[in-house]
Amino acid sequence: RGGSDLTNPFWSPALADLQPYVPGEQPRGRKLIKLNTNENPYPPSQHAMATLADPALPEALRRYPDPESVDLCATIATHCGVQPEQVFVGNGSDEVLAHAFYSFFRREEPLLFPDITYSFYPVYCNLYGIEYCTPALRDDFTVDVDDYAGPAAGVILPNPNAPTGRILPLEEIERLLQLHPARVVAVDEAYIDFGGDSAATLIDRYPNLLVIRTLSKSHALAGLRLGYALGQAHLIEGLQRTKNSFNSYPIDSVAQHLGAAAISDEAWLQESSGKVIDTRTRVAETLHELDFEVVPSMANFVLARPRGMGAEAVYGALREKGILVRYFNKPRISEYLRISIGTDEEMDALLGALREILAAPG
Ligand code: PMP
């Protein structure tokens, strides 16, 4: 990748050390069934969409946005059971994560995160020169908290984990927090609304806990770019210091209004997450019948291994049929596919295609 660019005389030598994140494919043109980036298959809340027709919006857009997103933070606080000063908002949780890495993890000791996890974590470590150490998951892809006891700059893990979908119970999160009382333990809850217990309830008891969330998955707003962190005020202040030094963008006015309305629509969230969970259960059962090993998932995707055929070949055959899933050419998961949960119709098309592919001779 980009070998010739590395000799570009204008580039700082530090660019050679960066390992850019490779996102899941976003196809243009051809209509594909997209089950590769864990987007929500349902449209966002109507209540949220209605903010776009608000007669006050043109005036709000004429002006610069509220740099502190005061109303949005208050809404998030109410719905998450915390105080407004315990909320930090960012343009997608990726931006929140970037600020968290910069604010808390640049230390002498290594940052700890699981060896199979969200692939942006090592990218940020590279960018900010953070050493990291990645304890292996157990054979069933669960986290063994005992592996996280050594000296550390902090700990970060998604819960449920990505791309495995496995959840770490809150008692185990508490053990992590107790192992590192003087370091931040960041719990990335991108997928928490699809079945797990949130660590947000622990914030008042643990000054070292940072919970990071996004509206990209359960709120069906990946295109809006809105994420947030919850933690005690001293951690939120640390994030703000970094954000203000980077002069990173405030949340735009549309995202502030639409996001607040989306977070307020709890009935919509319950209903659409419920549908995704039901579909996940049904898809997992059918994948078992099709001789897949299916990792138990609490997220809006499943990690599954076809026993009868190589995962990469199945990925390619699905692509030919217009269905995109995610294949990771990485140790331990190179025989698995990560399949996002779509609508029932999309999943029926996937399961039908898999039946054909697995039945084909040779
Ligand atoms: N954390 C995890 C574990 C994710 O899978 C993702 C989505 N790829 C994100 C954070 C980032 O989501 P966003 O920037 O859309 O909020």
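Keep in mind it's a predicted model, so treat the numbers as computed, not measured. (Residues numbered from 1 in each chain as written. Predicted model: local features only at pLDDT ≥ 70, side-chain atom pairs only at ≥ 80, totals over all residues.)

In the vicinity of the ligand, the residues found are Gly92, Ser93, Asp94, Tyr118, Pro158, Ala162, Asp188, Ala190, Thr214, Ser216, Ala222 and Gly227. Of the residues in the shell around the ligand, the class split is five nonpolar, five polar and two charged. (Near = placed C-beta within 6 Å. Nonpolar A, V, L, I, M, F, W, Y, C, P; charged D, E, K, R; others polar.)

In this section: the UniProt feature "modified residue: N6-(pyridoxal phosphate)lysine" (unreviewed entry) in the protein. If you check UniProt for "modified residue: N6-(pyridoxal phosphate)lysine" (unreviewed entry), the listed places come out as Lys217 in our numbering. Mapped onto the elements of the fold, Lys217 is located in the loop between β7 (209–214) and β8 (227–231). In contact with Lys217, not counting residues within four places along its chain, are Asn38, Asn40, Ala190, Tyr191 and Asn300. (UniProt positions renumbered as here; feature names shortened; annotations may be inferred. Helix = DSSP H or I, 4+ residues; strand = E, 2+ residues; numbered from the N terminus. Contact = placed C-beta atoms within 7 Å.)

This part is about the packing of helix α3 (residues 70–80) against helix α8 (residues 253–264). Helices that pack against each other are described as a pair by the angle of their axes relative to one another and the distance between those axes. Two numbers describe how α3 lies on α8: the axes approach to 9 Å, and their chain directions differ by 15°. One way to sum up the angle between α3 and α8 is to call them roughly parallel. α3 and α8 meet at a crossing whose hand is left-handed. Every residue of α8 that contacts α3 at Asp71, Leu72, Thr75, Ile76 and His79 is listed here: Gln256, Gly259, Ala260, Ile263 and Ser264. For the contact of α3 with α8, a count of residues per class yields four nonpolar, five polar and one charged. (Axes fitted to C-alpha atoms, helices over the stretch in contact; angles between N-to-C directions. Parallel < 35°, antiparallel > 145°, perpendicular 65-115°, else oblique. Left-handed = near helix turned anticlockwise from the far one by under 90°.)

Moving on, we come to unusual backbone geometry. Keep in mind that most residues, glycine aside, have a negative phi and that most peptide bonds are trans. Omega for the bond connecting Asn159 with Pro160 falls within 30 degrees of zero, at 0°, which places this linkage in the cis form. Tracing the chain through its elements places Pro160 in the loop between β5 (154–158) and α6 (170–179). A cis amide bond links Ala162 to the next residue, Pro163, at an omega of 5°. Looking at the secondary structure, you find Pro163 in the loop between β5 and α6. Its identity is not glycine, yet Ala220 carries a phi of approximately 60°, on the positive side. At Arg332, a position not held by glycine, the phi torsion is positive, near 75°. Within the element layout of this structure, Arg332 appears in the loop between β12 (326–327) and β13 (337–340). Exposure remark for Arg332: the 14 C-beta atoms within 10 Å place this residue in the partly exposed category. (Buried ≥ 20, exposed ≤ 12 C-beta atoms within 10 Å, placed from the backbone.)

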